[in-house]
Amino acid sequence: MQHIVAWEHSAASAYLLYSGPTMLSRLLLFLATAVFGFAQPYAIPADWTRPFPPFKMLGNVYWVGTYDLSTYLITTPRGNILINTGLESTVPQIKAGVEKLGFKLSDTKILLATHGHWDHVAGMAELKKMTGAKMIMSEADAELLESGGKADFRFGDNPESRFTPLKVDQTLKDGDKVTLGGMELTAHLHPGHTKGATSFSFDVREAGKTYHVGLINMPGINPGVKVSGMPKFPGIAEAYANTFRLQKELKFDVWLSSHAGQFRMHEKYKPGDAYNPDRFLDFNGFRAALNRLEKLYLDQLAQERAAK
Ligand SMILES: [Zn+2]
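Sequence order as written defines the numbering, with residues in each chain counted from 1. Under the rules for a predicted model, residues below a pLDDT of 70 receive no local features and side-chain atom pairs below 80 are neither given nor counted, while totals for whole chains, interfaces and linings still include all residues.

This part is about the sheet that holds strand β1 (residues 55-58). As summarised here, the arrangement of the seven strands in space is β1-β2-β3-β4-β5-β6-β7, forming an open sheet in which the pairing is mixed. Unpaired on one side and paired on the other, β1 and β7 (170-172) mark the two borders of the sheet. Pairs of neighbouring strands in the sheet enclose a mean axial angle of 25°, with direction left out of account. Any two strands between which DSSP finds at least two bridges are classified as paired. Strands are runs of DSSP state E lasting at least 2 residues, helices are runs of H or I lasting at least 4, and numbering of each runs from the N terminus. Note: strand β5 (residues 108-112) against strand β6 (residues 134-138), two bridges, orientation parallel. In the sheet register, I110 faces β6, and the bridge partner there is K134. Our contact criterion uses C-beta atoms placed from the backbone: two residues qualify when those atoms are within 7 Å. Lines fitted to C-alpha atoms define the axes here, with helix axes fitted over just the stretch in contact, and angles between the N-to-C directions of these axes take values from 0 to 180 degrees. Packed onto the sheet, helix α8 (residues 139-146) meets β6 and β7 and runs at close to 125° relative to β6.

For a regular strand, side-chain orientation follows a simple rule: the groups alternate between the two sheet faces. For every residue, the other C-beta atoms within 10 Å of its own C-beta are counted; 20 or more classify it as buried, 12 or fewer as exposed, and values in between as partly exposed. C-beta atoms are placed from the backbone. Most of strand β4 (residues 79-83) is tucked away, with four of its five residues classed as buried. Inspection of the sheet shows strand β3 (residues 72-76) paired to β4 by five bridges, in the antiparallel sense. For Y72, the partnering residue across the bridge sits in β4 and is I83. Between the end of β3 and the start of β4, which pair antiparallel, lie two residues.

Taken in spatial order, the five strands line up as β8-β9-β10-β11-β12 in an open sheet, and their pairing is mixed. One side of each edge strand has no neighbouring strand; the edge strands of this open sheet are β8 (177-180) and β12 (254-257). Across this sheet, the average inter-strand angle for adjacent strands is 25°, counted without regard to direction. Sheet analysis places β8 next to strand β9 (residues 183-189), joined by four bridges and oriented antiparallel. Looking at the pairing, L180 lines up with M183 of β9.

Another point: the environment of Y240. Looking at where Y240 falls in the secondary structure, it is placed in helix α9 (residues 236-249). Once the C-alpha coordinates of Y240 and S228 are considered, the two residues, twelve residues apart in sequence, prove to be 10.0 Å apart. Among residues more than four places away in sequence, those in contact with Y240 are G192, P219, V227 and Y297.

A separate point is unusual backbone geometry. Of note, the phi angle at N84 is positive, near 70°, even though the residue is not glycine. Although it is not a glycine, R264 sits at a positive phi angle of roughly 50°. Examined against the element boundaries, R264 turns out to sit in the loop between β12 and α10 (265-268).

This is the structure we're talking about:
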């Protein structure tokens, strides 16, 4: 499951990893990817669209995503915040999830995203139309949303990674705050995975306790990305290095991420489990995952530099 982080966007690869790959199928996939640049035919990982029952995670934070693609609903007395979507096809699942929890999708005032890849933002255009909410995105990833994915430094030329473009209403810089109804979310710019990948930190009060939540965009490396430098992202090596440094300085209690698999949600929660505000306390799990990703980055960088 940990490899999902690194393989996140090779849909076919992720599909194989999710469904239990044999060495042979992985070899075939590797060859197909090497020959065709991107494995064909395109297969969306089943867990990206597989429905998952919405649930209360902590206080006013709810999961309304699919089995693997995180969508977080944060409710406030002044309207709600929705963070990330799945694919365009999973918007009805998000809407149904919000309603099943007893909320109204039309109360959504702010849309946010951890980065501008299609598996996290392809539903934004539709959700913005349905809610009239304000799309707030990091400055560097705003062009991804406004180009419908075309501006991406790695996947911009892949038709399957495109989505309906939408206008960004407000952009975020590192340290900017997003506030609504007593909630304050701090944006942390963590580029590398995309140019404007963003984590959010915020506090949730529950039963007299304050939980510091880290919704972290994990710095995974997609297949086909050269971390020593990409034509459309020459500074990628420094971006990743900085992000690892910054993420190591973070302190929080509750760990959330862009994919359920990244923070091992399904090991921590099964549908029907009783509400437990302490369920997602896993700072050590975050640090361990971050260290694994940093090692992958350093190994890949060393290999690329040695090959030059
Ligand atoms: Zn991504």
